[in-house]
Amino acid sequence: MAEQPHTASGMSVSDGLPDEAAPRKKTNVRFAFACAMLASMTSILLGYDIGVMSGAALFIKEDLKISDVEVEVLLGILNLYSLIGSFAAGRTSDWIGRRLTIILAAVIFFVGAFMMGFSVNYAMLMAGRFVAGIGVGYALMIAPVYTAEVSPASSRGFLTSFPEVFINVGILLGYVSNYAFSHLSLRLGWRLMLGVGAAPSVVLALVVLGMPESPRWLVMKGRLGDAKAVLDKTSDSPEEAALRLAEIKAAAGVPADLDGDVVAVPKTRDDATGGGEEKRVWRELILSPTPGVRRVLLSALGIHFFQQSSGIDSVVLYSPRVFQSAGISDKNKLLGTTCAVGVAKTVFILVATFTLDHFGRRPLLLASTGGMVVCLVGLGAGLTVVGHQPPGTTVPWAIGFCIASILGVVAFFSIGLGPITWVYSSEIFPLHLRSLGCALGVGLNRVTSGVISMTFLSLSKGITIGGSFFLYAGIGSIAWVFFFTYLPETRGRTLEQMGELFGIPHMASDGYQQSPEEEKNNVEMSTSTANSSHQQQ
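What you see is a predicted model, and the numbers here were worked out from it, not measured in a lab. (Residues numbered from 1 in each chain as written. Predicted model: local features only at pLDDT ≥ 70, side-chain atom pairs only at ≥ 80, totals over all residues. Heavy atoms only, no water.)

Visitor: Help me out: how do you make sense of the pattern of salt bridges in this one?
Guide: The tally for this structure, following the rule as stated, stands at 10 salt bridges. Across the pair R361 and E427 runs a salt bridge whose closest N-O atoms are separated by 3.0 Å. With a gap of 66 residues between them, R361 in helix α20 (residues 361-387) and E427 in helix α22 (residues 417-427) connect regions that are remote in the sequence. Exposure class is identical for R361 and E427. Each is buried. Overlapping salt bridges bring together D94, R98, E149 and R434 as one network. (Salt bridge = Lys/Arg side-chain N within 4 Å of Asp/Glu carboxyl O. Helix = DSSP H or I, 4+ residues; strand = E, 2+ residues; numbered from the N terminus. Buried < 20%, exposed > 50% of the residue type's maximum accessible area, 1.4 Å probe, protein only.)

The structure is reproduced here in structure tokens:
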């Protein structure tokens, strides 16, 4: 029989929590906060690359004498390279754990940043982008998954928004790096901008060593004792820790009465016949999903697609070019104004971080997308006015309007669509489908980002730069309708309760219907394990 969970004072969970134990809640929230912050620091890698490349591209083009098409490919190709990392991260994190996967991401990005900093030609620079892209893919997939799995339901939205916070911090650091090194020689300046990106990855790899492993991964590996220890440190109360453990065991297919520090996780029919867990996951998520699972998948893919197709990368990555089109020509003023974009993104992402669990996902998502549409229309109108002026003529009000519109776009993006994409997609998948589901979401996110990044300059020449932002506004309008009609509110629910919200019936292994033979085998295994444990005692 499973041992009844006890509080530090020796009181069983069923007896209730004594008043003197109340302060543990604050301590546990701080511990979960620290874990989420450390894991989310991997997102600095992507943010720094986005920010630094926006300014470095101006100097790289001049130094290496490359064309606009080559600049587009250079800036956008990292998103496609990251696909390798994001899909590999799903299997890697299930194999070696979430924590070691974060360290692997940092190491890979370090090598890529080092290669870019010492590049002597365009080909070597592209090779560095390839390696760094794999590291970014790993980081993008694993950070929200780990944070969601370690966070209590009461603060999961707050903690899971951290990856987007650190992306914005990284973007701001990249902008500052551009401005700081822009005064150096042409050959040295952009290489230092890219090379110093290796420094955060070293710090990250070291600090992650102090993090615990995800309790859900530990349960999947049968390490119940370690999982209990982590849950006890990251839950709001002993009752919640016990409840989370019971729900995770049910989601992982571990019988409720199977207890002990290390246990054998029952095998499914696929495992017994050699098909394996991977075959089962692909079947349930892609090949023959239930209506509930299909809705979860489409929700995750939809929010990832619209996050990038709304044109945020064109605003952030090409902000110096956009400001040039608006009438600002001095490079120092360009990079200085770009820093203002980074500050706006960082400030408003903090607003979202502290309001996600208060207002919920849907209100912020709808307000964010609607505000972006209005600002994108304003930016397109302002750039169109500037573009119709005779050469050499400036329109101060239009320049100011364009700057305000850009700041509005990044601000509205940061209070909703930016952080909620990662929060929402990491919390709605059933446990055994989470790694693959999140990898697919990140993959679509990066493909869409790559397409937007690698076509912006060509699109601007084809339909004018103002027309490009009108197009993004139209896509944003479609996104608002999709979010309003298709995405339910998830605030306050545990990860294991999401199935009820999306119409996934309660099944063993969090969505997998066991056969009678499997149920019989699991009961026999549970009984055998319990008898063995009793004999040892």
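Picking up where we left off.
Visitor: So what exactly am I meant to see when it comes to the packing of α20 against helix α24 (residues 465-486) here?
Guide: A pair of packed helices is characterised by two quantities: the angle between their axes and the separation of those axes. Two numbers describe how α20 lies on α24: the axes approach to 8 Å, and their chain directions differ by 165 degrees. Here α24 runs roughly antiparallel to α20, going by the angle between their axes. For α20 against α24, the interelement crossing comes out left-handed. Here the residues of the contact of α20 with α24 sort into 17 nonpolar, 7 polar and 1 charged. (Axes fitted to C-alpha atoms, helices over the stretch in contact; angles between N-to-C directions. Parallel < 35°, antiparallel > 145°, perpendicular 65-115°, else oblique. Left-handed = near helix turned anticlockwise from the far one by under 90°. Nonpolar A, V, L, I, M, F, W, Y, C, P; charged D, E, K, R; others polar.)

Visitor: Could you clarify how one ought to interpret helix α12 (residues 238-251) in this entry?
Guide: The periodicity of an α-helix, 3.6 residues per turn, causes residues three or four positions apart to be oriented the same way. In this model, α12 (14 residues) spans 20 Å end to end at C-alpha, consistent with the 20 Å of a helix rising 1.5 Å per residue. Along α12, the positions that sit buried rather than exposed are P238, E240, A241, R244, L245, E247, I248, K249 and A251. Just beyond α12, the residue with positive phi is G253, at close to 80 degrees. (Expected span 1.5 Å × (residues − 1).)

Visitor: Just to check I follow, could you spell out helix α2 (residues 43-64) for this structure?
Guide: Helix length check: α2, at 22 residues, gives a terminal C-alpha distance of 29 Å against a target of 32 Å (1.5 Å per residue), a fit within 8%. The sharpest bend along α2 comes to roughly 40 degrees, located at A56. A positive backbone phi angle near 55 degrees is found at K65, which sits one or two residues after α2. (Bend = angle between axes of the 7 residues up to and from the residue.)

Visitor: Before we go on, may I ask you to explain a nonpolar patch on the surface in this structure?
Guide: A contiguous nonpolar patch, built from V107, F110, V111, F114, F118, V120, M124, V202, V203, L206, V207 and L209 and spanning about 1000 Å² of accessible area, is present on the exposed surface. Taken together, the elements giving at least two residues each to the nonpolar patch come down to α4 (98-117) and α9 (198-207). Among the secondary structure elements, V111 is positioned in helix α4. In this structure V111 comes out as partly exposed when scored by relative accessible area, which is 36%. (Patch = residues over 30% accessible without salt bridge, like charges linked within 9 Å, V, L, I, M, F, W, Y side chains within 5 Å. Areas by Shrake-Rupley, 256 points an atom, 1.4 Å probe, with all protein chains shown as cover.)

Visitor: Hey, could you run me through empty space enclosed by the protein in this one?
Guide: In this approach a probe as big as a water molecule rolls over the atoms, and the regions it shows empty are the leftover space. One pass over the full model with this rule turns up 6 cavities of 30 Å³ or more. In this model, the largest cavity occupies a volume close to 130 Å³. Around the largest cavity sit 14 residues that line it, and I50, E164, I167, Q308 and D313 are the ones nearest its centre. Of the residues in the lining of the largest cavity, the class split is 8 nonpolar, 2 polar and 4 charged. Taken domain by domain, the lining of the largest cavity gets at least three of its residues from each of domain 1 (26-214) and domain 3 (280-504). If you go around the second largest cavity, the residues you meet are L46, D49, I50, M53, L75, L78, N79, R129, D313, L317, R446 and S449. Where the lining of the second largest cavity is concerned, the elements lending two or more residues are α2, α3 (68-96), α16 (312-317) and α23 (431-463). Top contributing element to the lining of the second largest cavity by residue count: α2, with 4 residues. Here the lining of the second largest cavity is composed, by residue class, of 6 nonpolar, 2 polar and 4 charged. (1 Å grid on protein atoms, 1.4 Å probe; cavity = no way out; pocket = protein on both sides within 12 Å on 5 of 7 lines; lining within 4 Å. Points joined across faces, edges and corners; volume = space filled by probe spheres on them. Domains from an automatic or database assignment.)

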